[in-house]
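Overview (structure and organization)
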Amino acid sequence: MFKTMGGNPRDFNKLDLNRLPSPCFVIDKKALQTNLEILYELKKQTNVKILIALKAFSTFSLAPIISEYLDGSCCSGLYESKLAKKYFGGEISTFSPAFKKDELNEIAEISDHIIFNSLNQVNNFSDIGKKFNSDIGIRINPLYSEVKNLKYSTASIDSRLGIHLKDLINYDMNKIDGIHFHTLCEQNFKPLANTWNEIKNIITPLCTDLKWVNLGGGHHITRKDYEINKLKFFLRKVSNDTNCQIYIEPGEAVVLDSGILIGEVIDYFKPNNELSPNIAITDISATSHIPDVIEAPYRPALLNEPNEGHKVVLGGPSCLAGDVIGKYNFSNHPKIGERIALLDQAHYTMVKTSFFNGVKLPSIAIWNSETDDLEIIKSFSYEDYENRLS
Ligand SMILES: Cc1ncc(COP(=O)(O)O)c(C=O)c1O
């Protein structure tokens, strides 16, 4: 079980949870804006370009405000790049572990950068990219990572993501415009610096032939304890040393602690067994709505959870035995119909939901903690479920 790095409630304790349908994701526009201002200041002071990773958050209703502050989008393939083009604008950088040839023309037409995962794909497809004036990038594996959760560690020797740097040493660098790596996950500044130190002696000489270096995502820049001044110094130095445009492509950091998932207690009971905790079945499903809870796994923070209290296991409404959100403290026994809210639920949630068990999908709402304006921007119906099937 990994500890969540988010969980700052910000202003969500001011929101009356009963104003919303349940379940419902709520994004605080003001909290998002605060994150975007931090990122914008970073851009201004270092000249770094920042692309939002749509895989983490692609709520396009908020694209206008995001595009005001950031430079564009980082995409994972055809659908995300189409969404980026339609709603987010700016630069589009698309990486895929392997592009399918029949999608590549369309991707290249949309994308400013196409980042390949193998020299095989560069050799086979860079002419398609060039035909549409897209820059050609290659993802490297720095073979260095401080990520504790191996599921999210991309830099092992046998990782399927990125080529080893030694493969570039005798390669014709004229075929390549940029180098990309992504090895961080929810990390502070130090692991980035350590990664760069591992590879800079090989990368820096190669950069004379390059336009850009993309340092991927996983930088938890908007977290309170993030060492942002060190990052600023580092980005200026890397930019000077390489003479390249530096990019980063954070997902989580853009929306960190700016969203919650509201749910409702549907039933509450104590199993007839002294050792078992009390159980609350909620309309939030870990497996259908917040699969990272099971995948990571991690325990999301609960709004206003006391340090001590009745121990209650919150579970979902699906048939999966492991559809469990976690064990929490409650000051009073939860009442049927009572609302709860899980914190830091904007990233890797709405983009990952499923209709498993026909469980109802959470609505999506935008709230402004400054003005208290609230708007439900999306609700899902039975027809949405049926349309996924045939
Ligand atoms: C290639 C790439 N770029 C950027 C990101 C965004 O990372 P994060 O949301 O942790 O900042 C990811 C996440 O998996 C990624 O794989």
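Computed from a predicted model, the values in this text were never measured in an experiment.

About the thresholds
- Residues numbered from 1 in each chain as written.
- Predicted model: local features only at pLDDT ≥ 70, side-chain atom pairs only at ≥ 80, totals over all residues.
- Heavy atoms only, no water.
- Salt bridge = Lys/Arg side-chain N within 4 Å of Asp/Glu carboxyl O.
- Helix = DSSP H or I, 4+ residues; strand = E, 2+ residues; numbered from the N terminus.
- Buried < 20%, exposed > 50% of the residue type's maximum accessible area, 1.4 Å probe, protein only.
- Expected span 1.5 Å × (residues − 1).
- Contact = heavy atoms within 4.5 Å.
- Axes fitted to C-alpha atoms, helices over the stretch in contact; angles between N-to-C directions.
- Parallel < 35°, antiparallel > 145°, perpendicular 65-115°, else oblique.
- Left-handed = near helix turned anticlockwise from the far one by under 90°.
- Nonpolar A, V, L, I, M, F, W, Y, C, P; charged D, E, K, R; others polar.
- Near = heavy atom within 4 Å.
- Polar contact = N/O pair within 3.5 Å; in protein donor to acceptor, adjacent residues only side chain to side chain.
- Areas by Shrake-Rupley, 256 points an atom, 1.4 Å probe, with all protein chains shown as cover.

1. With respect to the pattern of salt bridges
- Tallying each qualifying case throughout the model produces 16 salt bridges.
- Between E370 and K30 there is a salt bridge whose closest N-O contact spans 3.9 Å. Taken together, the positions of E370 in the loop between β16 (363–367) and β17 (374–378) and K30 in helix α1 (residues 29–46) put the pair 340 residues apart, joining distant regions of the chain.
- Residues D225 and R223 are paired through a salt bridge, measuring 2.7 Å at the closest nitrogen-oxygen approach.
- With a relative accessible area of 46%, D225 lands in the partly exposed category.
- Through salt bridges with shared partners, a single network forms among D292, E295 and K352.

2. A few points about helix α7 (residues 228–242)
- Here α7 contains 15 residues, and its C-alpha end-to-end distance of 21 Å stays within 8% of the 21 Å for a straight helix at 1.5 Å per residue.
- Where the residues of α7 are buried, they touch α1, α6 (189–206) and β10 (245–248).
- One or two steps after α7, the chain reaches N243, where phi turns positive at roughly 60°.

3. Topic: the packing of helix α4 (residues 101–110) against helix α5 (residues 119–131)
- Between α4 and α5, the shortest axis-to-axis distance is 8 Å and the interhelical angle comes to 30°. Looking at the two axes, α4 sits roughly parallel to α5. Considering how the two elements wind past one another, α4 and α5 form a crossing that is right-handed. Counted together, K101, L104, N105 and A108 of α4 and F125, I128, G129 and K131 of α5 form the full contact between these two elements.
- Of the residues that constitute the contact of α4 with α5, the class distribution is four nonpolar, two polar and two charged.

4. Examining the environment of S258
- In this fold, S258 is placed in the loop between α8 (252–255) and β11 (259–269).
- Take S258: its relative accessible area is 0%, and that puts it in the buried class.
- For the pair S258 and T34, spaced 224 residues apart in sequence, the C-alpha separation works out to 9.2 Å.
- Filtering out sequence-adjacent residues up to four positions away, S258 remains in contact with R10, F12, V26, I27, D28, A31, L32, N35 and A346.

5. Considering the site of the ligand
- Near the ligand lie 13 residues; those nearest to it are G218, E249, G251, E252 and Y348.
- A distance of 3.0 Å is found between an oxygen atom of the ligand and a side-chain nitrogen or oxygen belonging to K55.
- At a separation of 2.9 Å, an oxygen atom of the ligand approaches a polar backbone atom of G251.
- Protein burial of the ligand: of its 400 Å² of free accessible surface, 87% is covered by the chains.
- Residue composition of the shell around the ligand, by class: four nonpolar, five polar and four charged.

These values are about where atoms sit, not about what they do.
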